Amino acid sequence: MQCLMECCNPVKTETYVAASDAYNLAYFKIPKCGSSTIMTLMEENIEDTEFYRGSHIVPFYINLFTTCRNPFRRAVSNWLFFKHDKLFNDYKLARYHDRHNITFEDWVRMALQGVFWNHHWEPAVNFVSKRTKFFKLEDIQKDPTALLEFMGLSPSLQLPHERKAKEDLKLKDVYTPVTESLVAKAYMKDFERFGYSLSLEDAE
């Protein structure tokens, strides 16, 4: 794999990368932003796709890209992930907080205010470099053509099925003015970098 040990715009947080020399393409995974779908898409359609982890080795490909998600929705996805995923079974703090029954506000105060930090809910801007092109998950779900063309794939390809959350909730039923303010503050750089509105209504 062709890569450099340093890059003029390195990422801040170690992440998984799916890369192809043949397509001169590298995808940076942002947790809870449809990354499983994109990695599966590359693996199934680009033969030389390789997966690795480590922000200390940043591939110097021409086409760097990622997928992002409205921070209001990403926060809810991470809350459900924390409640249900077996990944957190061995965390003492998770057991202490009775994670299966934790409310969204309690999770926000615990996770986004740094009491129990995990890379899954770290700001998305930390996973990408300044020259990384981004595609919004909300746009991809409506029409993946632009993404597929950027990747050098046929626009007629069907995206792999995404992982579904165990609960289908409306944001208005989850958020309060307090949690809306806390999430906006925690992910302000994401709202700015990826061009999302700070209005909760726009995220529905």
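The structure presented is a predicted model; accordingly, all values stated were derived computationally and were not measured. (Residues numbered from 1 in each chain as written. Predicted model: local features only at pLDDT ≥ 70, side-chain atom pairs only at ≥ 80, totals over all residues. Heavy atoms only, no water.)

Draft legend 1. Fine view of the pattern of salt bridges. Scanning the model with the defined rule gives three salt bridges in all. The residue glutamate 204 makes a salt bridge to arginine 73 at a minimum N-O spacing of 3.8 Å. Separated by 131 residues along the polypeptide, glutamate 204 in the segment after α10 (200-203) and arginine 73 in helix α2 (residues 71-84) bring together distant segments of the chain. On the accessibility criterion, arginine 73 (27% relative accessible area) is partly exposed. Between arginine 109 and glutamate 105 there is a salt bridge whose closest N-O contact spans 3.2 Å. Residue arginine 109 and its partner glutamate 105 are located together in helix α4 (residues 104-112), separated by four residues, close to a single helical turn. The class of arginine 109 is partly exposed, set by a relative accessible area of 35%. (Salt bridge = Lys/Arg side-chain N within 4 Å of Asp/Glu carboxyl O. Helix = DSSP H or I, 4+ residues; strand = E, 2+ residues; numbered from the N terminus. Buried < 20%, exposed > 50% of the residue type's maximum accessible area, 1.4 Å probe, protein only.)

Draft legend 2. Region of interest: the packing of aromatic side chains. Under the counting rule described, the total for this entry stands at twelve aromatic pairs. Each ring, one from tyrosine 27 and one from phenylalanine 65, has its centre 5.0 Å from the other, and the planes form 50°; the classification is tilted. Taken together, the residues span a long stretch of sequence, with tyrosine 27 in strand β2 (residues 25-28) and phenylalanine 65 in strand β4 (residues 63-68) at a distance of 38 residues. Both residues of the pair, tyrosine 27 and phenylalanine 65, belong to the buried class. The interplanar angle of 70° and the centroid separation of 4.8 Å between the aromatic rings of phenylalanine 104 and tyrosine 175 together place this pair among those described as edge-to-face. Placement of the pair is phenylalanine 104 in helix α4 and tyrosine 175 in the loop between α7 (171-174) and α8 (177-186), with a sequence separation of 71 residues. We note that phenylalanine 104, like tyrosine 175, is buried. Here the aromatic residues Phe72, Trp79, Phe82, Phe104, Trp107, Trp121, Tyr175 and Phe191 are joined through ring pairs into a cluster of three or more. Its end group placed over the ring of tyrosine 196, lysine 136 keeps NZ or CZ at 4.5 Å from the ring centre. (Phe/Tyr/Trp six-rings, centres within 6.5 Å; stacked < 30°, edge-to-face > 60°. Lys NZ or Arg CZ within 6 Å of the ring centre and 35° of its normal.)

Draft legend 3. Molecular detail of the environment of alanine 22. Checked against the element boundaries, alanine 22 lands in the loop between β1 (16-20) and β2. With 25 residues separating them along the chain, alanine 22 and glutamate 47 place their C-alpha atoms 8.7 Å apart.

Draft legend 4. Examining the sheet that holds β2 more closely. Pairing within the open sheet is mixed, and its five strands lie in the order β3-β1-β2-β4-β5. On the outer flanks of this sheet lie β3 (50-53) and β5 (133-136), each paired with one strand and no other. The mean inter-strand angle of the sheet, taken between neighbouring strand axes irrespective of direction, is 25°. Across four bridges, the pairing between β1 and β2 is antiparallel. Across the sheet, valine 17 pairs through a bridge with phenylalanine 28, a residue of β2. Most of the contacts of helix α1 (residues 35-45) go to β1, to which it runs at about 25°, and overall it touches β1, β2, β3 and β4. (Pairing = 2+ DSSP bridges. Axes fitted to C-alpha atoms, helices over the stretch in contact; angles between N-to-C directions. Contact = heavy atoms within 4.5 Å.)

Draft legend 5. Quick look at unusual backbone geometry. A positive phi angle, close to 50°, is found at asparagine 24, a residue other than glycine. Of note in this structure, lysine 32 is not a glycine but carries a positive phi near 65°. Classification of lysine 32 by relative accessible area gives partly exposed; the value is 24%.

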